[in-house]
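Close look at the chain arrangement
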Amino acid sequence: MNWTLFDFVLAGFLLAALALAVFLLLRLQRSRAYRAGLFLFIVTSVLLILVTGAVGIIGGSENDANMLYVAALGAAWLGGGVMRFRSNWLSRFLSVLALAYVFIAAAAVILRWGEAGAAWPWDVLVGSAVFAVLWQVSAWLFGLDADIRTLKGRSD
């Protein structure tokens, strides 16, 4: 890969944001399930940006279809902000996001986006499945936190 100065600055920013997020998560006064779900949400976000920017999931990194993953990630962060990162809503929202990644992979295979790759279509299917599973596990953790808060009589 031929990285430019911008690529190094972006990677450094993402790693610094990840380190700051981990530091803040350790100080957060919520359940372990909530902190684990939020940690996985942040790590998956950083990983997705790095993967789509460096090698891409659909074809190469130059394939515009990879922006569907980034757009869905933007929707996840926007939705999280609108929902004020409440666990009961994030649980539902991230499950829908995981399903969206499955639909992106299905569209890529059916419409033959990025077909030139040597591992076609397994690279698209496996890459999308990995991220869909990460989103779903994060949703499950937020759901656990919502259940814990309900049992304790607290609402988000």
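Quick summary incoming for the structure in this document.

Conventions we followed
- Residues numbered from 1 in each chain as written.
- Predicted model: local features only at pLDDT ≥ 70, side-chain atom pairs only at ≥ 80, totals over all residues.
- Heavy atoms only, no water.
- Phe/Tyr/Trp six-rings, centres within 6.5 Å; stacked < 30°, edge-to-face > 60°.
- Helix = DSSP H or I, 4+ residues; strand = E, 2+ residues; numbered from the N terminus.
- Lys NZ or Arg CZ within 6 Å of the ring centre and 35° of its normal.
- Polar contact = N/O pair within 3.5 Å; in protein donor to acceptor, adjacent residues only side chain to side chain.
- Contact = heavy atoms within 4.5 Å.

Moving on, we come to the packing of aromatic side chains. What the rule picks out here adds up to 7 aromatic pairs. Each ring, one from Tyr69 and one from Tyr101, has its centre 5.2 Å from the other, and the planes form 70°; the classification is edge-to-face. Note that Tyr69 is positioned in helix H3 (residues 67–82) and Tyr101 in helix H4 (residues 87–110), a separation of 32 residues in sequence. Ring-pair connections join several aromatic residues into one group, and the members of that group are Phe41, Tyr69, Trp77, Phe85, Tyr101 and Trp135. Its end group placed over the ring of Tyr34, Arg30 keeps NZ or CZ at 4.0 Å from the ring centre. Between the NZ or CZ atom of Arg92 and the centre of the ring of Trp89, over which it lies, the distance is 5.1 Å.

Of note, Ser91 is situated in helix H4. Reaching out from Ser91, the side chain makes a polar contact with the backbone oxygen of Ala139 at a distance of 3.2 Å. Residues contacting Ser91, with those up to four places away along its chain left out, are Ala139, Phe142 and Gly143.

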